[in-house]
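Residue-level structural notes
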Amino acid sequence: MSRIARVVYTARTATAGGRENGASRSSDGLLDIWLSVPGSARIGTNPEQLLAAGWSASFASAIASVAHERKIALPAGVSIEAEVNLNYGESGHFLSVQLSIAVPGLERDLVQILVGQAHEICPYSKATRGNIEVRTGIV
């Protein structure tokens, strides 16, 4: 575990209820959502969608950071499709993730290098390393 030199940002949310009929709101009010079970008729998102959105955004920033460090100009149109699977097995529920990365205009080998380095520095990737199966792919 890394020692904290300084806190850059703190996100605060309050959630009432769970995925079945909950609601979550950020302290600044910019996030105000209903929660629901995947496939239910209730309007709302679920924790897996929230994780997919956060992880894909963070991973895109990590790619940009690695490219900047290597003095590589990223073309427009970088996109990440994140699939967060809620699985069930012998030990109960668990997650797995697939990140599909598109960087149009760069050679596949270079994109693979950027993705590998981004996976090393992305905070979401670090937080889950060794805990869940994560696959990355170039599209």
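Each residue is numbered by its place in its chain's sequence as written, counting from 1. Per-residue local features of the predicted model are confined to residues with pLDDT of at least 70, and side-chain atom pairs are confined, for both listing and counting, to 80 or more; whole-chain, interface and lining totals are unaffected and use all residues. Heavy atoms throughout the structure, all of them, feed into the side-chain values; hydrogens and water do not.

All right, on to the overall build of the protein then. Secondary structure elements follow DSSP: runs of H or I of four or more residues count as helices, runs of E of two or more count as strands, with numbering from the N terminus. Looking only at helices and strands, the protein features three helices and six strands. Listing each helix as α and each strand as β along the protein from the N terminus yields β-β-β-α-β-β-α-α-β. Structurally, the protein occupies a C-alpha span of about 45 × 35 × 30 Å along its principal axes. For every residue, the accessible area (1.4 Å probe, protein chains only) is compared with the maximum for its type, and the residue is labelled buried under 20%, exposed over 50%, or partly exposed between those bounds. Expressed as a percentage of its 139 residues, the buried residues of the protein come to 30%. Whether two residues are in contact is decided by their heavy atoms, any of which lying within 4.5 Å being enough. Partitioning the intrachain contacts of the protein with sequence separation of at least 6 by distance along the chain shows that 48% fall at a separation of at least 24.

Glancing now at the side chain of Thr45. Topologically, Thr45 is positioned in the loop between strand S3 (32-34) and helix H1 (47-69). By relative accessible area, which is 16% here, Thr45 ends up buried. Each residue touching Thr45, except ones within four places of it in the same chain, is listed here: Ile33, Trp34, Leu35, Ser36 and Leu50.

Let us now look at the pattern of salt bridges. Salt bridge, as applied in this entry: a Lys or Arg side-chain nitrogen positioned within 4 Å of an Asp or Glu carboxyl oxygen. The final tally for this structure, using the stated rule, is three salt bridges. In this structure, the salt-bridge partner of Arg25 is Asp32, at a minimum N-O distance of 2.9 Å. Among the residues examined, Arg25 registers a relative accessible area of 43% and is labelled partly exposed.

What follows covers the sheet that holds strand S6 (residues 133-138). Read across the sheet, three strands follow the order S4-S5-S6 without closing on themselves; strand pairing throughout is mixed. The sheet terminates laterally at strand S4 (79-89) and S6, the two strands that pair on one side only. On average, each strand axis in the sheet is tilted by 15° relative to the strand beside it, whichever way the strands run. Any two strands with at least two DSSP bridges between them are considered paired. When S4 meets strand S5 (residues 92-102), the two strands line up antiparallel, connected through 11 bridges. Within the sheet, the bridge partner assigned to Tyr88 lies in S5 and is His93. Here the axes come from fitting lines to C-alpha atoms, over the contacting stretch only for helices, and the angles between their N-to-C directions go from 0 to 180 degrees.

Moving on, we get to the packing of H1 against helix H2 (residues 108-121). Following both chains from N to C, one finds H1 and H2 inclined at 115°, their axes separated by 8 Å at the closest point. Pair H1 / H2 crosses with right-handed handedness. Residues Phe59, Ala62, Ile63, Ser65, Val66 and Ala67 of H1 pack against Leu114, Val115, Gln117, Ala118, His119 and Ile121 of H2. Throughout, the ten residues Ala, Val, Leu, Ile, Met, Phe, Trp, Tyr, Cys and Pro are labelled nonpolar, Asp, Glu, Lys and Arg are labelled charged, and all others, Gly among them, are labelled polar. When grouped by side-chain class, the residues that make up the contact of H1 with H2 number nine nonpolar, three polar and no charged. Here a crossing is called left-handed whenever its near helix is offset anticlockwise from the far helix by less than a right angle, and right-handed whenever the offset is clockwise.

So, on to the pairing of S5. Consecutive side chains of a regular strand alternate in pointing toward one face of the sheet and then the other. Counting buried residues in S5 gives eight out of 11 residues, a clear majority hidden from the surface. Where S5 lies against S6, six bridges are found, and the strand directions are parallel. From the neighbouring strand, Ile101 faces S6, where its bridge partner is Ile138.

The biggest cluster of nonpolar side chains holds 20 residues, and the ones touching the most others in it are Phe59, Ile63, Leu99, Ile101 and Val115. The biggest single contributor to this core is H1, with seven residues. Those residues in contact with Val115, other than ones at most four positions away along the chain, are Phe59, Ile63, Ile101, Thr136 and Ile138. Nine residue types can take part in a nonpolar core, namely buried Ala, Val, Leu, Ile, Met, Phe, Trp, Tyr and Cys, and a core is a set of them joined through side-chain atoms within 4.5 Å.

Everything listed is a geometric property; what it means functionally is a separate question.
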